[in-house]
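Commentary on secondary and tertiary structure
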Amino acid sequence: MLRYLVSRVGQAIVVIFVVTLIVFFLLHQIPGGPARGALGLQATPEQIAAFNQAQGFDRSLPEQYGRFLLRLLQGDLGDSFTLNQPVGDLIGQRLPKTLVLTVLYVLVALVIAVPLGTWQAARRGRASDYVTTGITFVLYSTPVFFLAFVLIIVFSQKIALFPAQAPQSDTLAGIFAEPGALVLPVATGAAAKVAVFSRYMRSSVLDNLSEDYVRTARAKGASERQILREHVLRNSLTSVVAMIGYYIPVVFGGAVVIESMFNYPGMGLLFWNAAQTRDYPILLGVVLVIAIATVLGSLLADVVQALIDPRTRKARA
C-alpha cells in the first residue's frame, strides 16, 4: 500500500506542475491583456506600459512563468489588481465557504442518490424504473442557472418560503445561523448531482448483480434484499466513491454559477467577479486551487478505492 501511495503522490505532483504551466500560458492568451482589465478602457498607452513594467508583464512568458513558479513555491499567489489584497488571503477567506456549500449539496445528493440508484437497479425494466430514469435525465439536462432561476421564482417570490439570497456572513458560524438561506443554493447544487450519482449507482449495482458471487449467494438461498445489502452495496459504492473524486472540477464549476445566482460570498463568486475585471492573479489562483483540489480528490478517491477493494490496488501497482 505504501508503494502504491508514493507512486500516486508522485503522479499528482507532476500533474499539478503541468496544470500550472497550461493555465498560466492560456490565461495570458486572453485578448486585451491584464493591463486593460485593471486600468479600464480609457487607459493611455503610457499608463498601460507603466502597469506592464510594474507587474513584469513586459518580460517574456517563460521568464514570467519562472518568476510565478518561484513565488508559488513560497506560497505567494500575488496581489489582486482590483481588490489590492493578497490573492492567498482572498482565497483563504472564500474557500471554506465554498467547501461548506459544496460538501452540503454533495452529501444531500448522495443521501438521495445511493438508495435511489439501488432501488432503480432492483426494479430494472419496470415502469417505476423508466419514470425515475426519465426524471433524472430531465434534472441532468437542466442547466444549473435555469434550475436556480426556477427555484428562486417558485420558493422565494411565489410562495416566499426561502430567501433568494444566500447567507452573507463572513464567518462559517454566521452562515449556519441562517439555515433557511442555504436551502435554495444547496437544493440547486444537489439536484443535478442526484441525477449523476444515481445513474452511476444504478449501473454499478446492475454490474455487480451479474457477478458470480451473487449467483453463488442466490444458490445458497440468500434473498434479493440480503444480496443487495450484504454483498452488492459495498462493492457498488467503490465506483461511486471514485467518481466523486473525479467529479470535483464539475462540482466547483457548478459552485461558480450557484454562488453567482444566490450572491453567496465564496470562491466561485470571487472568480466570477475577477473574470469581469480580468484580475489575472485571482483567476490564476482560483484555477490553481481547483486544479490542485481535483488532483487531490482523484488521489483520495484512488486510495479509498484501493483500501475498500484490494484488487484495484494490485491492478494499478
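Data block above holds the structure.
In what follows, the accompanying structure is described. Predicted model, so just to flag it, every value in this text is computed and none were measured.

A word on a nonpolar patch on the surface
A surface patch of nonpolar side chains, about 720 Å² in accessible area, is lined by Phe-145, Phe-146, Phe-149, Val-150, Val-154, Ile-159, Leu-161 and Met-261. Considering every element that reaches the nonpolar patch, the biggest residue donor is helix α7 (residues 144–158), with five residues. Relative to the helices and strands, Val-150 is located in helix α7. For Val-150, a relative accessible area of 31% puts it in the partly exposed group.

Some words on the side chain of Ser-204
In this structure, Ser-204 sits in helix α9 (residues 179–209). Residue Ser-204 is classed as buried on the basis of its relative accessible area of 9%. In contact with Ser-204, other than residues within four places in its own chain, are Asn-235, Ser-236 and Ser-239.

Re the packing of helix α6 (residues 127–141) against α9
Packing of α6 against α9 leaves a shortest axis separation of 8 Å and a crossing angle of 135°. In terms of orientation, α6 lies oblique with respect to α9. Between α6 and α9 the crossing geometry is left-handed. Across the interface between the two elements, Asp-129, Thr-133, Thr-136, Phe-137, Leu-139 and Tyr-140 of α6 pack against Ala-191, Ala-192, Ala-195, Val-196, Ser-198, Arg-199 and Arg-202 of α9. Of the residues contributing to the contact of α6 with α9, the split by class is seven nonpolar, three polar and three charged.

Quick look at the nonpolar core
In this structure, Tyr-105, Phe-197 and Leu-209 are the most contacted members of the largest nonpolar core, which totals 39 residues. A per-element tally of this core places α9 first, with twelve residues.

With respect to the pattern of salt bridges
Summed over the entire model, instances satisfying the criterion amount to three salt bridges. Here Asp-129 ties to Arg-202 by a salt bridge, and the two come within 2.8 Å at their closest N and O atoms. Of this pair, Asp-129 sits in helix α6 while Arg-202 sits in helix α9, and the two are 73 residues apart along the sequence. With a relative accessible area of 12%, Arg-202 lands in the buried category. Measuring nitrogen to oxygen at the nearest pair gives 2.3 Å for the salt bridge that ties Asp-212 to Arg-215. Of the two residues, Asp-212 and Arg-215 are both situated in helix α10 (residues 212–219); the distance of three residues between them amounts to about one turn of the helix. The exposure class assigned to Asp-212 is exposed, which follows from its relative accessible area of 52%.

Side note on the packing of α7 against α9
When two helices pack together, their arrangement is given by the angle between their axes and by how far apart the axes lie. Packing of α7 against α9 leaves a shortest axis separation of 10 Å and a crossing angle of 140°. By the angle class used here, α7 and α9 are oblique. When the axes of α7 and α9 are compared, the crossing they make is right-handed. Residues Val-144, Leu-147, Ala-148, Leu-151, Ile-152, Phe-155 and Ser-156 of α7 pack against Leu-184, Ala-187, Thr-188 and Ala-191 of α9. Residues of the contact of α7 with α9, tallied by class, amount to nine nonpolar, two polar and no charged.

Notes on the packing of aromatic side chains
Under the defined criterion, the tally for this structure stands at two aromatic pairs. With centroids separated by 5.9 Å and ring planes inclined at 35°, the aromatic side chains of Phe-25 and Tyr-65 adopt a geometry described as tilted. Taken together, the residues Phe-25 in helix α1 (residues 2–27) and Tyr-65 in helix α4 (residues 61–73) connect sequence positions 40 residues apart. Seen from their ring centres, Tyr-65 and Phe-68 are 6.3 Å apart, and the 40° between their planes marks the pair as tilted. In this pair, Tyr-65 and Phe-68 both sit in helix α4, three residues apart, roughly one turn of the helix. The exposure class assigned to Tyr-65 is buried, which follows from its relative accessible area of 7%. Residue Phe-68 is classed as buried on the basis of its relative accessible area of 3%.

Considering unusual backbone geometry
The residue Asn-84 is not glycine, and still its phi comes out positive at about 55°. Turning to its location among the elements, Asn-84 is positioned in the loop between α4 and α5 (87–122). Given the relative accessible area of 64%, Asn-84 is considered exposed. Not every positive phi belongs to a glycine, and Ala-160 is a case in point at roughly 50°. With a relative accessible area of 59%, Ala-160 lands in the exposed category.

Reading the values: the criteria
- Numbers given for residues are sequential positions, taken from 1 along each chain in its written order.
- For a predicted model such as this one, the threshold for reporting local features is a pLDDT of at least 70, and the threshold for listing and counting side-chain atom pairs is 80 or more; totals across whole chains, interfaces and linings nevertheless cover every residue.
- The side-chain figures draw on all heavy atoms in the structure; neither hydrogens nor water molecules are used.
- The patches reported here contain residues having more than 30% relative accessible area and no salt bridge. Joining distances are 9 Å for like charges and 5 Å for nonpolar side chains (Val, Leu, Ile, Met, Phe, Trp, Tyr).
- Each accessible area value is a Shrake-Rupley result obtained with a 1.4 Å probe; residue values ignore everything except the protein chains displayed when judging cover.
- The salt bridge criterion pairs a side-chain nitrogen of Lys or Arg with a carboxyl oxygen of Asp or Glu, the two atoms within 4 Å.
- Numbering goes from the N terminus for both helices and strands, where a helix is a DSSP run of H or I of at least four residues and a strand is a run of E of at least two.
- With a 1.4 Å probe rolled over the protein chains alone, any residue whose accessible area is under 20% of its type maximum counts as buried; one over 50% counts as exposed, and the rest are partly exposed.
- When checking whether two residues touch, look at their non-hydrogen atoms; a contact exists if any pair is within 4.5 Å.
- What counts as an axis is a line fitted to C-alpha atoms, over the stretch in contact for a helix, and the angles between N-to-C directions run from 0 to 180 degrees.
- Each angle receives one of four descriptions, namely roughly parallel if under 35 degrees, roughly antiparallel if over 145, roughly perpendicular if within 65 to 115, and oblique otherwise.
- Note: crossing handedness is left-handed where the near helix turns anticlockwise from the far helix by less than a right angle, and right-handed where it turns clockwise.
- Under this grouping Gly is polar, as are all residues other than the nonpolar Ala, Val, Leu, Ile, Met, Phe, Trp, Tyr, Cys and Pro and the charged Asp, Glu, Lys and Arg.
- Only buried residues count toward a nonpolar core. Its members are Ala, Val, Leu, Ile, Met, Phe, Trp, Tyr and Cys residues joined through side-chain atoms within 4.5 Å.
- Two rings from Phe, Tyr or Trp (for Trp, the six-membered ring) form a pair when their centres sit within 6.5 Å of each other. Planes less than 30 degrees apart are called stacked, planes more than 60 degrees apart edge-to-face, and all others tilted.

That's the geometry; what it means functionally is another story.
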